[in-house]
Structure formats: structure tokens, C-alpha cells
Amino acid sequence: QTQLVESGGGLVQAGGSLRLSCVASERILRSDAMGWFRQAPGKDREFVGAINWGQVVYGDSVKGRFTISRDKSKNTVYLQMNNLKPGDTAVYYCAAGPVRSRSDREYYHWGQGTQVTVSS
């Protein structure tokens, strides 16, 4: 039941930038909030940010460095990551849910994830 597809992950040097994309169905983008989460090996899934109706919230660890945006014409949500740090290394997931939330339990559609690795 995968309706979200992430892309754009890869290997980048610390201080660099990367933009992730999440392609969703028109229905999902129209009706649901879109969230970004990440998970590193041995760690809990961490809230990155979420957008709904143009309102955006970010996790404390990425605030000021990451930006979420939406292009409805392309059915795509973006996560622009600047000034990347080794601690940002994780699998990044986009998700859709009925409300903008910091909790992954509020989201019912998930992508497969895309790996982001930041070298020190």
C-alpha cells in the first residue's frame, strides 16, 4: 500500500546540502499533512518536520537548517537540507496523516525511505 515515494538521498560531505523529494498522490497532498521522519541504526525514529496548509513545524535538531515545501502541481513535497552534519545520517521517510503532528503514530501512509549519509 505504498503511495509515497522518496528520492534524493545519497552521500554528502559535512556542510553540504541535499534535497529530498516525496511524490504522493493528488488525493493525499490535497487532504493530508505531510511529515518527514528519520531513523538511524539503533535509534528511535525522529521527527524532522511537517507541513499542512502552508504551516510548517520542525524538530529542534534541524530547525534553521532544513526547509519543507510543497509543489502540488508535481504532487511532491520537498525536504531541503542545508549545512548537513554527520548526526543527520539516517534513513529519511516521508509520511502522510490527518493532522500535522510530531508523533509518527499519527501518520498512516509511509514511503520506503531514502538513505542520507553525511561524512565527517
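All values derive from a computational prediction rather than experimental measurement. (Residues numbered from 1 in each chain as written. Predicted model: local features only at pLDDT ≥ 70, side-chain atom pairs only at ≥ 80, totals over all residues. Heavy atoms only, no water.)

**Some details on the pairing of strand β3 (residues 18-23)**
Working step 1: Judged from the three bridges that link them, strand β1 (residues 5-7) and β3 form a sheet pairing that is antiparallel. Among the inter-strand pairings, Val-5 is bridged to a residue of β3, identified as Val-23.
Working step 2: As defined by bridge partners, β3 adjoins strand β8 (residues 76-81) across six bridges and the pair is classed as antiparallel. Pairing of Leu-20 across the sheet is with Leu-79, part of β8. (Pairing = 2+ DSSP bridges. Helix = DSSP H or I, 4+ residues; strand = E, 2+ residues; numbered from the N terminus.)

**Some details on the side chain of Ser-21**
Working step 1: Structurally, Ser-21 is set in strand β3.
Working step 2: A relative accessible area of 13% places Ser-21 in the buried class.
Working step 3: Setting aside its immediate chain neighbours within four residues, Ser-21 contacts Val-5, Glu-6, Ser-7, Trp-36, Thr-76, Val-77 and Tyr-78. (Buried < 20%, exposed > 50% of the residue type's maximum accessible area, 1.4 Å probe, protein only. Contact = heavy atoms within 4.5 Å.)

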